[in-house]
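Remarks on the overall topology
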Amino acid sequence: MSKIIKSKLSRRSFIQKSAAGFAAGIGTIYGKSNIQKPQYFSTPNSINDNNWSAIRSHFILNDGVTYMNNASLGMPPIDVVDSVYKGYEAISKDPLHGKHKLQETIKSNVMPALAKVFDVKTDELVLTRNASEALFLQTSGLALHEGDEVIISTQEHPAALKPWMHRKAKDGIKIRPIFIPSPLVSENDVVRRFSNAITSKTKAISFCHVTRGGHKYPVKKISQMARKKDIITLVDGAQAVGQFPIDINDLGCDAYSASLHKWILAPSGTGFLYVRENSKGYFDSPFDPDASSIQSLFNPPGTKDLPVRTGIGSALNFINKIGIKNIERRCRSLSNYLKNGLKKIDGVTLLSGKTPNLSAPGSTIFEKKNLDAVDSVTLFEKRIKYHIDEHQRDGHNAIRISTHFYNSKEQIDLLLNELSII
């Protein structure tokens, strides 16, 4: 055996031993804090399954605090916290091999798991810090020329609207907002409003899957209508992923942006951009003029936040063990329980969609007479330590409650009681 071959084998053996050492030597966060190790749970078989109590033991929210603002930022379980902790410990103890180990974990485990959840190809996904970054990439990368027109809805999040305003100022792109009523009238009404707005200059439609207020758009129907007219569809999925099963490939859109730190409960600062393989020709790269793959088109060069990105895998494992359909049913039941209680309170107007096809499972918006929505956020925190949000947009002075599977009917009862006396 030559010296060169011996050298290569020795180096490979050293790396393998180093990786094994990390796996055995990295402790968990439980041993370094007062956090109790969470209970084992099995997949729930009903919305009232006792296992939901065991699932709640995986969250380390401060005692006495109730969190109902998941549409803003999800509450990662201890499994995810521990994953990020161990990742940073790995690159602190041995930066070189720790980095290589994390990179391999992301490539071999995280990306395939993420692609499987949404039924897309791994090569069609690019990890980002959030939906806002992904939206900027898909918007700035779309090949458009001065005078081309893009249709958007009046319910778009500022993070989705801002990059279009940038392109309007920089490239002379015409942005055409189309009014969508809140609550939604019907799926067909949404499709018809977009379809009727299309002109000979229209090149793309940019819209949300689920609005900030929880209204659910018929993505597949819009995409099918647009494709028949050779129009590109770009979707903001920040409020959708993690609430209900989503097959992005089946939706038929050309691009889809999402945050993973909301309903999927991944670490803060995680998201992805999906671009359909057959649609990459519609885009230019902001990074590489010779780009040919979706990764080279949209994946910025440089060092990535590797420990945070490995935490995505832990979040997906946690969500998959529960089951996304179970999560949807649980979230829907809690939201329905809340809505039924709201209907009994004087002065309350419910604004969420009346049917599941028009509303997301976990977000509920409503108004109460003589109660300012922004003031209510502080009031609920001071009075009962509840974290909620406001929804002062679309002509509403609304309160937004976004319940997740770890919330309970008892927590909702206390919220309703407090709302009735404020």
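**Looking at unusual backbone geometry**
Note that the residue after serine 182, namely proline 183, is joined by a cis bond; omega there is 0 degrees. Relative to the elements of secondary structure, proline 183 occurs in the loop between strand E4 (174–178) and helix H7 (187–197). Positive phi, normally seen in glycine, also occurs at aspartate 119, with a value near 55 degrees. Its location among the elements puts aspartate 119 in the loop between helix H4 (95–118) and strand E2 (125–128). Classification of aspartate 119 by relative accessible area gives partly exposed; the value is 41%. At lysine 385, a position not held by glycine, the phi torsion is positive, near 60 degrees.

**Focus: the sheet that holds strand E7 (residues 255–259)**
The pairing of strands in a sheet comes from backbone hydrogen bonds and takes either a parallel or an antiparallel form. The mixed open sheet is built from 7 strands, whose spatial order is E2-E8-E7-E6-E5-E3-E4. Both outer strands of the open sheet, E2 and E4, are each paired with one neighbouring strand and no more. Averaged over all neighbouring strand pairs, the angle between strand axes comes to 20 degrees, with direction disregarded. As defined by bridge partners, strand E3 (residues 149–153) adjoins strand E5 (residues 202–208) across 4 bridges and the pair is classed as parallel. Directly across from glutamate 149, in E5, lies its bridge partner threonine 202. Helix-sheet contacts for H4 involve E2 and strand E8 (271–275), and the interaxial angle to E2 is about 110 degrees.

**Side note on the side chain of serine 352**
As for its placement among the helices and strands, serine 352 is situated in the loop between strand E9 (348–350) and strand E10 (363–368). Exposure remark for serine 352: the relative accessible area of 7% places this residue in the buried category. A polar atom in the side chain of serine 352 sits 2.9 Å from the backbone nitrogen of isoleucine 365. In this structure, serine 352 is in contact with Pro183, His215, Lys339, Ser363, Thr364 and Ile365, ignoring residues within four places of it in sequence.

**Some remarks on the packing of aromatic side chains**
A complete count under the given rule lists 10 aromatic pairs for this structure. Geometrically, the ring pair formed by tryptophan 52 and phenylalanine 405 is tilted, given 5.8 Å between the ring centres and 45 degrees between the ring planes. Within this pair, whereas tryptophan 52 is found in helix H2 (residues 51–56), its partner phenylalanine 405 is found in the loop between strand E13 (398–402) and helix H14 (409–421), the two being separated by 353 residues in sequence. Exposure remark for tryptophan 52: the relative accessible area of 2% places this residue in the buried category. On the basis of relative accessible area, phenylalanine 405 is assigned to the buried category, the value being 0%.

**Focus: the sheet that holds strand E12 (residues 389–391)**
Spatial strand order, E9-E10-E13-E12: 4 strands in an open sheet with antiparallel pairing. Either end of the sheet is taken by a strand with one partner, and the two such strands are E9 and E12. Geometrically, the sheet is characterised by an average inter-axis angle of 35 degrees between neighbouring strands, direction not taken into account. Here E12 pairs with E13 via 3 bridges, running antiparallel. Considered in E13, the bridge of histidine 391 is made with alanine 398.

**Looking at H14**
Over its 13 residues, H14 extends 19 Å from the first C-alpha to the last, a length consistent with the 18 Å expected when each residue adds 1.5 Å. The complete set of buried residues in H14 reads Ile412, Leu415, Leu416, Glu418 and Leu419. On an axial view of H14, the arc spanned by its buried residues comes to 165 degrees, and they lie on one face. Along H14, exposed side chains directed more than 90 degrees from the buried face belong to Glu410 and Ile421.

**Section: the pairing of E13**
Most of E13 is tucked away: 5 of the 5 residues are buried. What you see with E13 is no split at all: Ala398, Arg400 and Ser402 on one side and Ile399 and Ile401 on the other are buried throughout. The hairpin turn running from E12 into E13, its antiparallel successor, is 6 residues long, and aspartate 394 in that turn takes a positive phi close to 55 degrees.

**Some remarks on the nonpolar core**
Of all hydrophobic cores here, the largest spans 51 residues; its most connected members are Tyr256 and Phe272. With 7 residues, the single largest contributor to this core is H4. In this view, tyrosine 256 contacts Gln138, His209, Val235, Gly237, Ala240, Val241, Ile246, Ile248, Leu251, Phe272, Leu273 and Tyr274; residues no more than four positions away in its chain are not counted. If you look at the next biggest cluster of nonpolar residues, it comprises 20 residues, including Ala134, Trp164, Ile173 and Ile294.

**A few points about the packing of H7 against helix H8 (residues 219–228)**
Across the interface, H7 lies against H8 with an axial gap of 10 Å and an inter-helix angle of 30 degrees. By the angle between their directions, the pair H7 and H8 is classed as roughly parallel. In the packing of H7 onto H8, the handedness of the crossing is right-handed. Of the residues in H8, those touching H7 at Glu187, Asn188, Val190, Val191, Phe194 and Ser195 are Lys221, Ile222 and Met225. For the contact of H7 with H8, the class distribution of residues is 5 nonpolar, 2 polar and 2 charged.

Parameters and conventions
Residues numbered from 1 in each chain as written. Predicted model: local features only at pLDDT ≥ 70, side-chain atom pairs only at ≥ 80, totals over all residues. Heavy atoms only, no water. Helix = DSSP H or I, 4+ residues; strand = E, 2+ residues; numbered from the N terminus. Buried < 20%, exposed > 50% of the residue type's maximum accessible area, 1.4 Å probe, protein only. Pairing = 2+ DSSP bridges. Axes fitted to C-alpha atoms, helices over the stretch in contact; angles between N-to-C directions. Contact = heavy atoms within 4.5 Å. Polar contact = N/O pair within 3.5 Å; in protein donor to acceptor, adjacent residues only side chain to side chain. Phe/Tyr/Trp six-rings, centres within 6.5 Å; stacked < 30°, edge-to-face > 60°. Expected span 1.5 Å × (residues − 1). Arc of directions from axis to C-beta. Core = buried A, V, L, I, M, F, W, Y, C linked by side-chain atoms within 4.5 Å. Parallel < 35°, antiparallel > 145°, perpendicular 65-115°, else oblique. Left-handed = near helix turned anticlockwise from the far one by under 90°. Nonpolar A, V, L, I, M, F, W, Y, C, P; charged D, E, K, R; others polar.

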